[in-house]
Amino acid sequence: MRLRSGVFASSCLLVQALGVALFLRGFFPLPVRSVPRREARADAPAEPAPPGPGIVSNWTKIPPPLFKKVVVVLIDALRDDFVFGSKGKQFMPYTTQVVEKGTSYSFIAEAKPPTVTMPRIKALMTGSIPGFIDVVVNLNSPAVLDDNLIWQAKTAGKRIIFYGDDTWVKLFPKHFVEYDGTTSFFVSDFTEEEASLPNLLVVCGDHGMSETGSHGGSSAGEVHTPLLFISSAFGKRSAPLAQPEHVQQTDLASTLAIGLGLPISRNSVGNLILPVVGGKTMREQLRFVHLNGFQLSRLLQENTPAYGKDPGYEHFKIAEKSHGNWIKLYLEGNNSEILLNLGKKVLKQYLEALKTLSSSLSKQVAQYDMYSMMVGTVIIMEVLILLLLSIPKALSKQAEFEVLLSPLLFSLLFYLMCLMLCAVHVIVCTSAESLCYFCSMSWLTAVGVMMLISALMCGILSAIAKIFENYRLPPKNPVVSSYNWSETDVLILAGTIGHVLSLAASSFIEEEHQTWYFLINTLCLVLCQELCRNNFLLKECDPQHSTNVKQTFDSIGESSECKNIDIPAASSSKLGKASSSSEFIKGSDKWISLATPWIILICCRLLRSLNQTGVQWAHRPDFGHWLTSSEHKSELSFLAAVSLLMIFFLVQRRCSLVSKIAMALGLLGVYSYRAAIGNVTFPWQYGGKDISKGITEARFVYVFVLGIVFTGTKDLLKSQVISADSNMKSTGLWEVYSGLVLLAALLFRPHNLPVLVFCLLIQTMMTKYIWIPLKFDAAQITIMHYWFGQAFFYFQGNSNGIATVDISAGFVGLDSYVEIPAIFLTAFATYAGPFLWAIHLLCYLSSEVSRNSAAVGHGCFCYALMRSIPVAVYVVLVTGLRYHLFIWSVFSPKLLYEGVHVFITAAVCMFFTVIDQNHSHKVQD
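Since this is a predicted model, take the numbers as computed values, not measurements.

Engineer: Before we move on, can you summarise the environment of Arg674 with the specific residues and values?
Structural biologist: One can find Arg674 in helix H25 (residues 657-676). A relative accessible area of 7% places Arg674 in the buried class. Along the primary structure Arg674 and Leu747 are separated by 73 residues, whereas in three dimensions their C-alpha atoms are 10.0 Å apart. Setting aside residues no more than four positions away along its own chain, Arg674 makes contact with Asn679, Val680, Leu746, Leu747, Phe748, Arg749 and Pro750.

Engineer: Describe helix H32 (residues 855-880), and please don't skip the residues or the numbers.
Structural biologist: The α-helix winds at 3.6 residues per turn, so residues separated by three or four positions along the chain end up facing the same way. If you check H32, its first and last C-alpha atoms are 38 Å apart, about what 26 residues at 1.5 Å a residue would give, namely 38 Å. H32 sits mainly inside the fold: 22 of its 26 residues count as buried.

Engineer: Tell me about the packing of aromatic side chains, and please be specific about residues and values.
Structural biologist: Inspection of every chain in the model, using the stated rule, returns 34 aromatic pairs. Pairing Tyr307 with Tyr313 gives two aromatic rings, centres 5.1 Å apart and planes at 80°, and the pair type is edge-to-face. Under the relative-accessibility criterion, Tyr307 is labelled partly exposed at 27%. Residue classification places Tyr313 among the buried positions, given a relative accessible area of 12%. Geometrically, the ring pair formed by Phe648 and Phe649 is edge-to-face, given 5.6 Å between the ring centres and 70° between the ring planes. Taking the relative accessible area as the measure of exposure, Phe649 reaches 52% and is therefore exposed. Ring-pair connections join several aromatic residues into one group, and the members of that group are Phe23, Phe27, Phe28, Tyr368 and Tyr883. We note Lys590 situated over the ring of Trp591; from NZ or CZ to the ring centre the distance is 5.7 Å.

Engineer: Break down the nonpolar core for me, citing the residues and quoting the values.
Structural biologist: Note that soluble globular proteins tend to have their nonpolar side chains buried in a common cluster. In this structure, Ile647, Trp787 and Phe788 are the most contacted members of the largest nonpolar core, which totals 169 residues. Per element, the largest residue contribution to this core is 15 residues, and it comes from H32. When near neighbours in sequence (up to four residues on either side) are disregarded, Phe788 contacts Ile520, Leu523, Cys524, Ile600, Ile762, Met766 and Trp837. Counting residues in hydrophobic clusters, the runner-up holds 63 residues, among them Trp168, Phe176, Leu200 and Cys204.

Engineer: Which residues make up the packing of helix H21 (residues 512-537) against helix H29 (residues 778-795), and what values go with them?
Structural biologist: Relative orientation of the contacting elements H21 and H29 amounts to 135°, with a least axis distance of 9 Å. As judged from the angle between their axes, H21 and H29 are oblique. Read as a crossing pair, H21 and H29 show a hand that is left-handed. Where H21 abuts H29, its residues Glu512, His513, Trp516, Tyr517, Leu519, Ile520, Leu523, Cys524 and Leu527 lie against Met784, Tyr786, Trp787, Phe788, Gln790, Ala791, Tyr794 and Phe795. Here the residues of the contact of H21 with H29 sort into 14 nonpolar, 2 polar and 1 charged.

Engineer: Describe the state of the cysteines, listing the residues and the values that go with them.
Structural biologist: Per the counting criterion, the structure on display carries 1 disulfide. In this model Cys429 forms its disulfide with Cys439; the gap between the sulfur atoms is 2.1 Å. Taking the torsion about the S-S bond as the criterion, the Cys429 to Cys439 disulfide, at about -85°, is left-handed. Taken together, the residues Cys429 in helix H16 (residues 412-431) and Cys439 in helix H17 (residues 437-440) connect sequence positions 10 residues apart. On the basis of relative accessibility, which here comes to 23%, the residue Cys429 falls in the partly exposed class. Taking the relative accessible area as the measure of exposure, Cys439 reaches 17% and is therefore buried. Looking at Cys422, it has no disulfide partner, and the nearest cysteine sulfur is the one in Cys418, 6.3 Å off.

Engineer: Would you mind going over the environment of Val72 in detail, with residue names and values included?
Structural biologist: Take Val72: it is sitting in strand S2 (residues 70-75). Taking C-alpha positions, Val72 is 4.7 Å from Val202, a pair spaced 130 residues apart along the chain. If sequence neighbours within four positions are ignored, Val72 has contacts with Val202, Cys204 and Leu256.

Engineer: An account of the side chain of Glu47 is needed here, citing residue identities and associated values.
Structural biologist: Structurally, Glu47 is set in the loop between helix H1 (5-27) and S2. Residue classification places Glu47 among the buried positions, given a relative accessible area of 6%. Engagement of the side chain of Glu47 in a polar contact is seen with the side chain of Arg283, the distance being 2.8 Å. Setting aside its immediate chain neighbours within four residues, Glu47 contacts Ser57, Trp59, Arg283, Arg287, His323 and Ile327.

Engineer: So what about the side chain of Thr103? Which residues, and what values?
Structural biologist: Position of Thr103 among the secondary structure elements: in the loop between helix H4 (93-101) and strand S3 (104-110). Reaching out from Thr103, the side chain makes a polar contact with the backbone oxygen of Ser231 at a distance of 2.9 Å. Among residues more than four places away in sequence, those in contact with Thr103 are Val98, Phe229, Ile230, Ser231, Ser232, Phe234, Gly235 and Lys236.

Engineer: So what's going on with the pattern of salt bridges? Which residues, and what values?
Structural biologist: Throughout the structure, instances matching the rule amount to 13 salt bridges. With a closest N to O distance of 2.8 Å, Glu47 and Arg283 form a salt bridge. Within this pair, whereas Glu47 is found in the loop between H1 and S2, its partner Arg283 is found in helix H10 (residues 282-303), the two being separated by 236 residues in sequence. Classification of Arg283 by relative accessible area gives buried; the value is 13%.

Scoring rules and cut-offs
Residues numbered from 1 in each chain as written. Predicted model: local features only at pLDDT ≥ 70, side-chain atom pairs only at ≥ 80, totals over all residues. Heavy atoms only, no water. Helix = DSSP H or I, 4+ residues; strand = E, 2+ residues; numbered from the N terminus. Buried < 20%, exposed > 50% of the residue type's maximum accessible area, 1.4 Å probe, protein only. Contact = heavy atoms within 4.5 Å. Expected span 1.5 Å × (residues − 1). Phe/Tyr/Trp six-rings, centres within 6.5 Å; stacked < 30°, edge-to-face > 60°. Lys NZ or Arg CZ within 6 Å of the ring centre and 35° of its normal. Core = buried A, V, L, I, M, F, W, Y, C linked by side-chain atoms within 4.5 Å. Axes fitted to C-alpha atoms, helices over the stretch in contact; angles between N-to-C directions. Parallel < 35°, antiparallel > 145°, perpendicular 65-115°, else oblique. Left-handed = near helix turned anticlockwise from the far one by under 90°. Nonpolar A, V, L, I, M, F, W, Y, C, P; charged D, E, K, R; others polar. Disulfide = S-S within 2.5 Å. Polar contact = N/O pair within 3.5 Å; in protein donor to acceptor, adjacent residues only side chain to side chain. Salt bridge = Lys/Arg side-chain N within 4 Å of Asp/Glu carboxyl O.

Right under this line is the structure:
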């Protein structure tokens, strides 16, 4: 079976995407296993039985509520220093006064990353620690099925009223007797009743925010939130406020359950915040902590086979025994100081047991599914090795090679490996103490994965055997290779290896943008050297000079015509077999070519100043902050208008007349949309009133995006099905690219439109003044596109942290959250840089097929290889570093970015393969 390079690369990436998905499922652990809600309401345990016969405690019910009503005021992104620091006195003076002099208790609640809304609400109401993967479903919050405080209150017949963010309504549907789920809420007045039980007001935050105003990571500002309990049941503060004590955010659920007389959620890993019940009698306090300890120990029993040896469980049993002795003295009527001191001792034992139990349960969130991770890693590494071994054939002139499927799938080695892997699967899945995801799959699916692993391994061994066989046989037509590594080749190899190795350090991941900025800057300097050498140091007809990375496989001298997407067809020049680079550049173009690397360097430096990203310098002001401030709206409006005009002039040159008109109207719609939502202003617009919410204007632009993409797709289908017209295919690709540029212009924030302008400008200049004059081959051009795509990912303001994802792009033109469009728009806006550079690569290589018919296949293969190398190495690194201090704050978000990038690259390579169809026809002819 003969496969083209593009088809082979796309197939390999699809298989690798499967491995990545399996690895991600095993790496991101699930929370502690929960009990279904219908089984959650069990009878409360009685007080510990006192020793000796004839003495029985009569307290077997849930303690009565401590508060009649509880009002929870949750403020989004409320940092602790907004209440307890100097900022609190300035912006929240009444709250600060209540904290310092009122009847309240103050704490600093620590949230676990990811510090985004939905996982934090789940932690507050269930007392459990959500999995890190919950950040992915944060946009589409599913209903909470675990035992939680809201469900317990509803089951107990309490009336629950909610006003605020509709995320709560999605998490707890049909739980509120009255609610208004909006983006903000309004309070006009309130009255306080003289009641038998006091009321409780809780003021807290779901998470904090970083110094730059974002959240999602694990910095102190993002994980530390204030937690205030305000009630007339508490005594007034007499001494100055000390530093607030630190508690866990999951402790709120247990505390409120006790305060409302409800069972503690079965999945809660939180501890009772003792000062809130400190005014109660010693017997009541011991009863409260015993209920909490019993719930935690039962959860430990359900999730840990060897729970009896856990220190927390042992401490709890000791405290429970001491509690029984205390009850015996209490029921005997002993009121001496001995009883009080013993009670304090028992209370201390309980608190230590609660802390240890909670710690043991929290650690289970970091238990990885190693079997699923290992299976995924094996698939990923096998694909990478297969791609590396296939380089000589995949980058050959024909870009095709023979894959012998029958000998592989019917060989004895294949069957032996399948049997061995299935045996390992049976052993692991029948002896594992904890259930793993791969073991939960059907046996048919598991066997299919084992067969895939075996087939890949047989393919690798076959490729290695073929390489050794070729080395043993003397070549039929021996030739002397004249290939020499150029500076560009050395840089490409060293840069790729250096970037991959840098992924082992958390600091390099946090500041990965610096790596890519350095690489593209160094590339520009190397290109400048190449241009100077070709124009000044080499003789005009020097036939020895070459810059091709695979000269032994493909000779550029066989080209007949250069048709480039960025050069009008009329200016295409005939290339002779022995023509040198200097023949391309004459007159003023020669000096423009020499200046191009320096112009690109200037553009990159300006883009670096537009958006500060990373960690160390993210808090520093940048040009983007200056533009987005309300004082500079006119400057931002002018910049946006100029940027949209430049986008039109840079894009429209290869479009048809209809697409040009659609592009112009679409860009006008982009500006109208931004003016409608208040980002920019029209020259004739006065006052601060917005025209609309922007939904109509955004949908207006979507119509033109779809129209342009449809026009390009129609031309592509004609060139593929009706007639193999390379000009029609080139025009169709360029129009598809133009439609995607228009979509990016709509989704980008106004201050980021210059990023799109510089992207198009750099692509145009490099095409005309670097890639053509220096006669780079498809492999080199592909890697350059990949590098610039990665750099532009960070030029947009992205980072390896979740907080920089612009989720507002998923709501452009939508009345409400619609899952599929929102996911697509958010992903496209986030990866617009790499995506646009990849599509430009396809446009460029497709226009160059007359010079090298295998260019698209070479480009697809190299692009897949460049994506496969870092993800394969990173999954190995992150497995070894899974207990690193920064695993959840640095390495895990990066793993998510790498996984999503693999899926996007697989889709791009599939598009490459579809466009490369007529190469197969040429080969057959």
